[in-house]
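One letter stands for each residue in the lines below.
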Amino acid sequence: MESKFTWMDGRLVPTAEANVPFLTNALHYGTAVFEGIRCYNTERGPAIFRHREHMERLVNSIQVLGVRELAYSVDQLMQAARETVRANNFTECYIRPLIYAAQGGFNLVIDNATIGVGIAAWFWKDYYGPEALAKGVRVNVSSFTRHHPNVMMTKAKISGNYANSFLARTESMRLGFDEAIMLDPTGYVAECSGDNLFMIRGGKIYTPTRMTVLEGITRDSLITIATDLGYDVIEQPLSRDQLYIADEVFMTGTAAEVVGVREIDFRTIGEGKTGRITTILQRVFHAAVRGQEPRYAEWLDPVNLPVTTIAAPAE
Ligand code: PPE
C-alpha cells in the first residue's frame, strides 16, 4: 500500500511530489542516515513501537556522521512521524525517516552541505515472505565481511553502510538463500544484512556483543522479553560453528520482526523449523507490539492523541 503524503522539511506533501534533485549529495555519496520504525494497530488505535528510541538513534546517527546542527529535536521528529501516519490513514505501517546531505558538499566535507529531512511511510508486511514465521528461513554465511567499526560506523544507520548489506543479501538471494549472516573483521558472527542475530543452546540465549553490530531496538526488546520470561541472555562473541550446533537461531529487526532460521550453510538447525523458545518469544513480541502485553505498554506511542500542529498538505 503506497502512501498519499510524505513529510518533507516541515510539511506534508503529496508523495508523488516528495522528490530530490539529481545533484543531491546523499545520492552520490550515501551521506544520509535513516530509521526503520513500525506502527501497529492496537486497542488505542495506531501506535508507533519504541518511537522515542528510534528517533534518538536517528539523531545519534547524525552525530556519528558528523552533522553539527539539526533543525529538529527528537520531539519534533516524533510529532512529524505521527502526522505522517495520520495523514495517510494507516492503521499499520513502516515509517522511514531520512536525514540527508542535500545541496552542496561536493568536496567531501559534510559541513558544506545543507541538510534535508524527510519521513515516508508505507505498508510493509512479511519481510521474508508469508511462510517465514512458522517455517523459518534458510541463510548462508556471506563471502562479504561486515564493517570494521573504524571503516564504517556500525552504531549509525548511515545509508552508505547499506551498500555492504546489498552486496551480501543480493549474493545470498542469488545463491538461493533468504538472508546473509555476516562475520565481523575478526571472523566472529556480527549480524545479518538488516537484522541482529540470536542463538539458543541448552535453554540459554546468546547474541553477539554490541562491538560491531547495529544496536537493534528489536534486539533490545527481545532481550527484555526473554529476561522477563526467565531466560538467561548472554552477550558474547559467537563463532560460525556455534551457530551450526545451536538448538535454535533467530533474527530480529524492525522490518523482519522475529524470524527463525531453519538452515545455515546447508546445515539444518534444530528441528529445521522455527524453534520452541523462538516461537514463545515471537508470540510475546507480536502481542507486545499490538498493545496486548500490559507490562510493555510504554513501548507504544499512540498517534491519535490530541495534536496542536498538523501541517497542511500542499495542494
Ligand atoms: N542490523 C542492521 C544492519 C539493520 O539494518 C537493522 C535494521 C537491524 C540490525 C535491526 O535493528 P532494529 O530495527 O532497530 O531492531 N534494519 C532496518 C532496515 C531493513 C531494510 O531492509 O531496509 C529495519 O529493519 O527497519
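All residue numbers refer to position in the chain's written sequence, counted from 1. In view of the model being predicted, local features appear only for residues whose pLDDT reaches at least 70, and side-chain atom pairs are presented and counted only at 80 or more, with totals across whole chains, interfaces and linings using the full set of residues. The side-chain figures draw on all heavy atoms in the structure; neither hydrogens nor water molecules are used.

Enquirer: Sorry, what's going on with the packing of helix α2 (residues 51-65) against helix α3 (residues 74-87) here?
Expert: For every element, the axis is a line fit to its C-alpha atoms; helices are fit only across the contacting stretch, and the angle between N-to-C directions ranges from 0 to 180 degrees. Numbering goes from the N terminus for both helices and strands, where a helix is a DSSP run of H or I of at least four residues and a strand is a run of E of at least two. In contact at an axis separation of 9 Å, α2 and α3 are set at 120° when each is read in the N-to-C sense. Relative to α3, α2 is oriented oblique. Between α2 and α3 the crossing geometry is right-handed. In contact with H51, R52, M55, E56, L58 and V59 of α2, α3 contributes V74, D75, L77, M78, A81 and R82. Orientation labels follow simple angle bins: below 35 degrees gives roughly parallel, above 145 gives roughly antiparallel, 65 to 115 gives roughly perpendicular, and whatever is left gives oblique. Handedness of a crossing is defined here by the sense of rotation of the near helix relative to the far one, left-handed for an anticlockwise turn of less than a right angle and right-handed for a clockwise turn. Throughout, a contact is declared for two residues whenever any of their heavy atoms are within 4.5 Å.

Enquirer: Quick question: what am I supposed to make of the site of the ligand here?
Expert: Proximity criterion: a residue is near a molecule or strand once any of its heavy atoms comes within 4 Å of it. As a structural note, the neighbourhood of the ligand is formed by 22 residues, with Y94, Y127, Y162, T218 and T254 the closest of them. Polar contacts, as counted here, are pairs of nitrogen or oxygen atoms within 3.5 Å of one another; within protein the pair requires one atom able to donate a hydrogen and one able to accept it, and residues that are adjacent in sequence qualify only if both atoms are side-chain atoms. E191 has a polar side-chain atom sitting 2.6 Å from a nitrogen atom of the ligand. For the ligand, an oxygen atom lies 2.9 Å from a polar atom in the backbone of A255. Using a 1.4 Å probe, accessible areas were evaluated by the Shrake-Rupley method; residue-level cover was limited to the displayed protein chains. Considering the ligand on its own, with 550 Å² of exposed area, one finds that the protein chains cover 93% of that surface. Among the detected pockets, the ligand sits in the largest pocket. Looking at the shell around the ligand, the elements that each hand over two or more residues are β6 (93-104), α6 (217-228) and β14 (248-253). For the shell around the ligand, the per-class residue count stands at seven nonpolar, nine polar and six charged. With a 1 Å grid laid over protein atoms only, a set of points is called a cavity when a 1.4 Å probe fits there but cannot get out and a pocket when it is open yet has protein on both sides within 12 Å along at least five of seven lines; lining residues have an atom within 4 Å of a point. Just a note on the criterion: a molecule sits in a pocket or cavity if more than half of its atoms are within 2 Å of the grid points. Side-chain classes follow a simple rule in which Ala, Val, Leu, Ile, Met, Phe, Trp, Tyr, Cys and Pro form the nonpolar group, Asp, Glu, Lys and Arg form the charged group, and the remainder, Gly included, forms the polar group.

Enquirer: Sorry if this is basic, but what is going on with the packing of α6 against helix α8 (residues 276-289) here?
Expert: The packing of two helices is summarised by the inter-axis angle and the distance between the axes. Look at α6 against α8: their axes get within 10 Å of each other, and the N-to-C directions meet at 110°. When the interaxial angle is binned, α6 and α8 end up roughly perpendicular. For α6 against α8, the interelement crossing comes out right-handed. Between α6 and α8, the residues in contact are T218, S221, L222, I225 and A226 and L281, V284 and F285, respectively. Its residues assigned to classes, the contact of α6 with α8 comprises six nonpolar, two polar and no charged.

Enquirer: For this particular structure, what's the right way to read helix α5 (residues 162-174)?
Expert: One turn of the α-helix equals 3.6 residues, which is why residues spaced by three or four share an orientation. Take the residue count of a helix, subtract one, and multiply by 1.5 Å to get its expected span. The terminal C-alpha atoms of α5 lie 18 Å apart, and with 13 residues this matches the ideal 18 Å at 1.5 Å per residue to within 8%. We call a residue buried when its accessible area falls under 20% of the maximum for its residue type, exposed when it is over 50%, and partly exposed in between, using a 1.4 Å probe and counting protein chains only. Among the residues making up α5, those that are buried are Y162, N164, S165, A168, R169 and S172. Burial along α5 is one-sided: seen end-on, the buried residues are contained in an arc of 140°. Opposite the packed face of α5, turned more than 90 degrees from it, sit the exposed residues F166 and R174. Against β3 (32-34), β8 (137-141) and β9 (179-183) lie the buried residues of α5. By definition, the arc is the one covered by directions from the helix axis to the C-beta atoms.

Enquirer: Sorry if this is basic, but what is going on with empty space enclosed by the protein here?
Expert: Rolled over the atoms, a probe with the dimensions of a water molecule shows which regions are left empty. Grid points are joined across faces, edges and corners, and a volume is the space filled by probe spheres set on the points. With the rule as written, the count across this model stands at four cavities of 30 Å³ or more. D184, Y188, V189, A190, P208, T209, M211, T212 and P237 are the residues that line the largest cavity. In the lining of the largest cavity, the residues fall into six nonpolar, two polar and one charged.

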